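Below, each chain spelled out in residue letters.
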Amino acid sequence: MLKTVAEQVAADAAESVRAAWGALRDGGDLRVDTKSADTDVVTAADRESEELVRQRLAQLRPGEPVLGEEAGGEAAEGGVTWVVDPIDGTVNFLYGLPGFAVSLAAQVDGVSVAGAVIEPVSGRRWTAARGEGAWLDGRRLSVSEPARLDLALVGTGFAYLRERRLRQGRLVAGLLGEVRDIRRLGAASLDLCAVGAGRLDAYFEHGLNRWDWAAGALVAEEAGARVLLPGSAPDLGEDATFASAPPIAAELRERLAAAGAAEV
Ligand code: IPD
Ligand code: CA
Ligand code: CA
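With an unreviewed UniProt entry as reference, the protein is termed Inositol-1-monophosphatase, source organism Amycolatopsis ultiminotia. Quoted verbatim from the Cofactor (unreviewed entry) heading of the UniProt record, the comment on the protein is "Mg(2+)". Recorded in UniProt for the protein, the comment headed Sequence similarities (unreviewed entry) runs: "Belongs to the inositol monophosphatase superfamily."

Below you can see the structure in the form of structure tokens.
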């Protein structure tokens, strides 16, 4: 079963990330390189986690392509493609904040069919299979039921590129008076799982990559959230990701569109 494979392999990678985190806490050295911006970092632990995922998938699912943040790859047409973010929330990892995860999804023709998001420090495991549901540590998930948008807790995130994050900041400023509060937790996969678990009422972000949302968006959707993926909501912007508890979804979408989300 694809969900079982995703969970097993992500758990192995999470164990390697947890060991690296422990070594770091004990004063160990961390090799850090930068990518799209000086603030966009990659550590040896990111690369090791992705390598482990690739090795395990080669054993368990030989021949199926893997698309990963650090080593790249391409999606296959027709069959299963595995999509991995080896550490989502690397900046949290680097600063000793526990909110980071290994995210692994199986996609068919760009659509997630199974996925797992595992938080190494807490050991929490979010899993989902299309049409079957979403779980946190085996407990079935369902989204929150916020009565009003002004009582909703909304998560978001910011891109690494300066000009873009300034535009994102302006959009968030326009929303602050409309909602209970905003959270920027630092790992998109966990934000999406938080919507699935009712720990956030909604979440949106521009500029995510496939590996950021592939597993978490399935968790949110299978828990009952309204989910919009990049390319599917031009009123919010071509690369917007949006997940919301149903009672506030339409109003939040309208407010974001009215506040200029498409221009972010
Ligand atoms: C980032 C995190 C962050 C989000 C960024 C992502 P990374 O992923 O998910 O919360 O705001 O857009 O790039 O770089 O830690 O894998
Ligand atoms: Ca990521
Ligand atoms: Ca990452």
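Next, the rest of the story.
Visitor: Quick question: what am I supposed to make of the sheet that holds strand E3 (residues 66–68) here?
Guide: One key point about sheets: their strands pair by backbone hydrogen bonds, in either a parallel or an antiparallel sense. Ordered by their spatial adjacency, 7 strands build an open sheet running E3-E4-E5-E6-E7-E8-E9, and the pairing between neighbours is mixed. Edge positions in the sheet fall to E3 and strand E9 (139–140), since each of these pairs with one other strand and no more. Of the strand pairs in this sheet, strand E7 (residues 125–129) and strand E8 (residues 133–136) are connected by 4 bridges, and their pairing is antiparallel. Residue pairing across strands places tryptophan 126 opposite leucine 136, the latter belonging to E8. Seen against the sheet, helix H1 (residues 2–25) touches strand E4 (80–88), strand E5 (101–108), strand E6 (111–118), E7 and E8 and runs at an angle of roughly 35° to E6.

Visitor: In this structure, what is going on with unusual backbone geometry? I would like to understand it.
Guide: Peptide bonds are, in most cases, trans, and in most cases residues other than glycine have a negative phi. With phi around 50°, aspartate 109 is a residue other than glycine that occupies positive phi space. Of the residues examined, aspartate 109 reaches a relative accessible area of 53% and is grouped as exposed. Of note in the backbone geometry, aspartate 137 takes a positive phi value of approximately 50° without being a glycine. Structurally, aspartate 137 can be placed in the loop between E8 and E9. The class for aspartate 137 is partly exposed, based on a relative accessible area of 48%.

Visitor: Is there a simple way to explain the environment of aspartate 191 in this structure?
Guide: Its location among the elements puts aspartate 191 in helix H5 (residues 188–196). The class for aspartate 191 is buried, based on a relative accessible area of 0%. Discounting residues that sit within four places of it in the chain, aspartate 191 has contacts with Thr156, Leu185, Leu200 and Tyr203.

Definitions and cut-offs
- Residues numbered from 1 in each chain as written.
- Chains lettered and ligands numbered in written order.
- Predicted model: local features only at pLDDT ≥ 70, side-chain atom pairs only at ≥ 80, totals over all residues.
- Heavy atoms only, no water.
- UniProt positions renumbered as here; feature names shortened; annotations may be inferred.
- Pairing = 2+ DSSP bridges.
- Helix = DSSP H or I, 4+ residues; strand = E, 2+ residues; numbered from the N terminus.
- Contact = heavy atoms within 4.5 Å.
- Axes fitted to C-alpha atoms, helices over the stretch in contact; angles between N-to-C directions.
- Buried < 20%, exposed > 50% of the residue type's maximum accessible area, 1.4 Å probe, protein only.

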